[in-house]
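Below, each chain spelled out in residue letters.
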Amino acid sequence: MTVEVQVRDNNVDQALRALKKKMQREGLYREMRMRRHYEKPSERRAREKAEAIRRFRKLQKKRAERDEL
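Residues numbered from 1 in each chain as written. Predicted model: local features only at pLDDT ≥ 70, side-chain atom pairs only at ≥ 80, totals over all residues. Heavy atoms only, no water.

1. Digging into the pattern of salt bridges
- Scanning the entire structure with this criterion turns up five salt bridges.
- As a salt-bridge pair, Glu-39 and Arg-47 come within 2.8 Å of each other at their nearest N and O atoms.
- A salt bridge links Glu-48 to Arg-44, with the shortest nitrogen-to-oxygen separation between them at 3.2 Å. Here the residue Glu-48 and the residue Arg-44 both occupy positions in helix α3 (residues 41-68), the gap between them amounting to four residues, near one helical turn.
- Classification of Glu-48 as partly exposed rests on a relative accessible area of 34%.
- Take Arg-44: its relative accessible area is 41%, and that puts it in the partly exposed class. (Salt bridge = Lys/Arg side-chain N within 4 Å of Asp/Glu carboxyl O. Helix = DSSP H or I, 4+ residues; strand = E, 2+ residues; numbered from the N terminus. Buried < 20%, exposed > 50% of the residue type's maximum accessible area, 1.4 Å probe, protein only.)

2. A short note on a positive patch on the surface
- There is a patch of like positive charges on the surface, built from Arg-8, Arg-17, Lys-21, Lys-22 and Arg-25.
- As for its placement among the helices and strands, Lys-22 is situated in helix α1 (residues 12-26).
- Lys-22 sits in the partly exposed class, given a relative accessible area of 33%. (Patch = residues over 30% accessible without salt bridge, like charges linked within 9 Å, V, L, I, M, F, W, Y side chains within 5 Å. Areas by Shrake-Rupley, 256 points an atom, 1.4 Å probe, with all protein chains shown as cover. Lys, Arg positive; Asp, Glu negative; His and termini not counted. Charge placed at Lys NZ, Arg CZ, Asp CG, Glu CD.)

3. A word on α1
- Compared with the 21 Å implied by 1.5 Å per residue over 15 residues, the 21 Å span of α1 between its first and last C-alpha is a close match.
- Positioned one or two residues after α1, Gly-27 has a phi angle of 85°, which is positive. (Expected span 1.5 Å × (residues − 1).)

4. Observations concerning the confidence of the model for the chain
- Across the chain, pLDDT averages 93, with 99% of residues at or above 70.
- Of all helices and strands in the chain, the one with the weakest mean pLDDT is helix α2 (residues 28-34) (90), whereas α3 scores best (95). (pLDDT = per-residue confidence, 0-100.)

Right, here's the structure in full:
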């Protein structure tokens, strides 16, 4: 996965902001944080299951709020 940003008019600050935004959108910051330490396969499964439950509950909450209105 390659993230590229064009530097226009020698404006490095603007290019850096764009790079950070792209990295955030692609999930690279999260990936780097996760890879700092080894994660056992059982821990990974438990984390992914908890994330899926969290996403499902958030979706259910949004649906309930939408149906209320």
